[in-house]
Amino acid sequence: MTQLVWLRRDLRLADNPALYHAAKAGPLVCVYVLDEEAPKHHAYGGASRWWLHHSLTSLAKSLEAKGSKLILRRGDAVEEFTKLANEVRAHTVHANAHYEPWWLNAERKLANKLDLQLYHGNYLKPPGSITTGTGGQYKIYTPYSRAVRAAFPPSDELTAPERLEAPANWPASDDLASWNLLPTKPDWSGGMAAFWQVGEEAAHARLKAWEADVDDYDDKRNFPSVDKVSRLSPHLHFGEISPVQIWHRFKHKRSKGWETFEGELIWRDYSQNAILQFPKYATQNYREDFDRFPWRDPATDEAAARDLKAWQQGRTGYPIVDAGMRQLWQTGWMHNRVRMITASFLIKHLLIDWREGEKWFWDTLCDADYASNATNWQWTAGTGVDSNMFSRIMAPLSQSEKFDAARYIRTYVPELKGIDEPYVHDPEEFGRRPAGYPRKIVPHRQARERALAALKTLKDR
Ligand SMILES: Cc1cc2nc3c(=O)[nH]c(=O)nc-3n(C[C@H](O)[C@H](O)[C@H](O)COP(=O)(O)OP(=O)(O)OC[C@H]3O[C@@H](n4cnc5c(N)ncnc54)[C@H](O)[C@@H]3O)c2cc1C
């Protein structure tokens, strides 16, 4: 009997349990359904849509090379699979489990209609499977990571199926171009195309190119001017490579660099566990006292709206913040240290609710991930289950000096290209601000005092 394979954020042939088991069971039809309704405000943003287009193109080619095809459908996933099951006379859908609330909901509904076989494929350990001594879920990263490491190794890697048996008849497929995933008016994607290669093969090429840097990861990962982080995040998000494949590649390493890198992969697992426990983590403060926080609201306050726009456009007058926001706009990605600085700046210097930042990152990051984005925004804001304290306010200028961001700033802020160190970190302070570069939208000390005073209102009530 024909098997259906439901692909979502697992756009790869190797180490793909759903595909592997379906291929063993008989002829199969691999399907991607674009459902833009179910995720509501978390339907893919512009940068992710660009990535998805290229990733689906690459996957379709790989499937064709194995004698198969990628069937594209648009609409409600449960309805589409019910139709497809009739069209190809299938009863079983193989899928790797996904944990975003809209996918959990769709999986529950589909399981009531067809034989849904769920596999574990996108995390080091299945989300929800690592429990405390009393059987509860971990809420804090450090004990969680210890428990994950104690439960290693992860599962074995699965090979890509040798060949994929075609069904007697192929069901109809949408034409990818008709989904309009690529920007046209205007086409802002040139910077992304120059920065990224997309697809399973490209993910493995990136891992290979970066492999030699893993030992230096602990020392170098915080320095945005040097290219020493893996940049695997969009590949991991779309499942072009699995964390299990990465783990097996490095498992014999004993370096501090690998240990720290492994810890970051565990942060990814941890974020997914947080979402499983708190499905509304991307839209609701975990710490409810922050529901009363006196944010400046861009919807009602013109100055706040101006500040939000300056942040989005990289025109705050703080070079490290502006470089980060422009890198994001240009490439669809931002270095982690600078994500922390720009996020802290929005929340604490501009006193704007973290959810405005979450939304902007969701639209502009090509690795935008429901779990990782929410967890990191709540961590920075101090509103999360495991988070930094709100009162720890990052000083962007000293961060810029400490992490040697001069070259990074000159790369992404062309107005500051000719400015030497140390002036490039704070040209206004040194009287070196070029005419086209904005003044600081808020002085650091004033912003810090305003943020702490706002925090105090929570404590005084
Ligand atoms: C405000 C904010 C928002 C973020 N939003 C996202 C997001 O939407 N999607 C996303 O994948 N990451 C997000 N991150 C986490 C982190 O910044 C990126 O994963 C990392 O910068 C990606 O670059 P890399 O692949 O070179 O990471 P590396 O440093 O090479 O790390 C390897 C992998 O580990 C995982 N990882 C690393 N750091 C984290 C982390 N803090 N949390 C969860 N996973 C991590 C990623 O999958 C990453 O690819 C966010 C961080 C902040 C501060």
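Anything mentioned here points back to the structure above.
The structure presented is a predicted model; accordingly, all values stated were derived computationally and were not measured.

1. Side note on helix H4 (residues 101-113)
Here is step 1: Counted at 1.5 Å a residue, the expected span for H4 with its 13 residues is 18 Å, and the 19 Å between its end C-alpha atoms agrees.
Here is step 2: What H4 keeps buried is the set Trp102, Trp103, Ala106, Glu107 and Leu110. The buried residues of H4 all sit within an arc of 135° when viewed along its axis, so they share a single face. Of the exposed residues in H4, those oriented more than 90 degrees away from the buried face are Arg108 and Asn112.
Here is step 3: Tucked into the core, H4 has its buried residues touching strand S1 (3-7), helix H3 (77-88), strand S4 (92-96), strand S5 (115-119) and helix H16 (370-381).

2. Things to note about the site of the ligand
Here is step 1: In the neighbourhood of the ligand, 28 residues make up the surrounding shell, with Tyr217, Ser230, Arg231, Asn336 and Asp367 lying closest.
Here is step 2: Here an oxygen atom of the ligand sits 3.3 Å away from a polar atom, N or O, in the side chain of Trp333.
Here is step 3: Take Asn336: an N or O atom from its side chain is 2.7 Å from an oxygen atom of the ligand.
Here is step 4: Relative to its free-state accessible area of 820 Å², the ligand is covered by the protein chains to the extent of 97%.
Here is step 5: Because more than half of its atoms lie within 2 Å of the grid, the ligand is assigned to the largest pocket.
Here is step 6: Looking at the shell around the ligand, the elements that each hand over two or more residues are helix H9 (233-237), helix H11 (256-277), helix H14 (336-349) and H16.
Here is step 7: Sort the elements by how many residues they give to the shell around the ligand and H11 lands first, with 6 residues.
Here is step 8: Split by residue class, the shell around the ligand holds 15 nonpolar, 7 polar and 6 charged.
Here is step 9: Taken domain by domain, the makeup of the shell around the ligand includes at least three residues from each of domain 2 (123-156 + 200-277) and domain 3 (288-460).

3. Here's the deal with the sheet that holds S1
Here is step 1: If you walk across this open sheet you meet the 5 strands as S3-S2-S1-S4-S5, and the pairing is parallel. Pairing within the sheet leaves two strands with one partner each, and these edge strands are strand S3 (70-74) and S5. Across this sheet, the average inter-strand angle for adjacent strands is 30°, counted without regard to direction.
Here is step 2: For S4 and S5, the ladder comprises 5 bridges, and the chain directions are parallel. The partner of Asn96 across the bridge, within S5, is Tyr119.

4. Overview of the packing of H11 against H16
Here is step 1: At a minimum axis distance of 8 Å, the contact between H11 and H16 shows a crossing angle of 90°. On the basis of their axis angle, the class for H11 and H16 is roughly perpendicular. In this structure, H11 contributes Trp267, Arg268, Tyr270, Ser271, Gln272, Ala274 and Ile275 to the contact, and H16 contributes Tyr370, Ala371, Ser372, Ala374, Thr375 and Trp379.
Here is step 2: Per-class residue counts for the contact of H11 with H16 are 8 nonpolar, 4 polar and 1 charged.

Cut-offs used in this document
- Residues numbered from 1 in each chain as written.
- Predicted model: local features only at pLDDT ≥ 70, side-chain atom pairs only at ≥ 80, totals over all residues.
- Heavy atoms only, no water.
- Helix = DSSP H or I, 4+ residues; strand = E, 2+ residues; numbered from the N terminus.
- Expected span 1.5 Å × (residues − 1).
- Buried < 20%, exposed > 50% of the residue type's maximum accessible area, 1.4 Å probe, protein only.
- Arc of directions from axis to C-beta.
- Contact = heavy atoms within 4.5 Å.
- Near = heavy atom within 4 Å.
- Polar contact = N/O pair within 3.5 Å; in protein donor to acceptor, adjacent residues only side chain to side chain.
- Areas by Shrake-Rupley, 256 points an atom, 1.4 Å probe, with all protein chains shown as cover.
- 1 Å grid on protein atoms, 1.4 Å probe; cavity = no way out; pocket = protein on both sides within 12 Å on 5 of 7 lines; lining within 4 Å.
- Sits in = over half its atoms within 2 Å of the grid points.
- Nonpolar A, V, L, I, M, F, W, Y, C, P; charged D, E, K, R; others polar.
- Domains from an automatic or database assignment.
- Pairing = 2+ DSSP bridges.
- Axes fitted to C-alpha atoms, helices over the stretch in contact; angles between N-to-C directions.
- Parallel < 35°, antiparallel > 145°, perpendicular 65-115°, else oblique.

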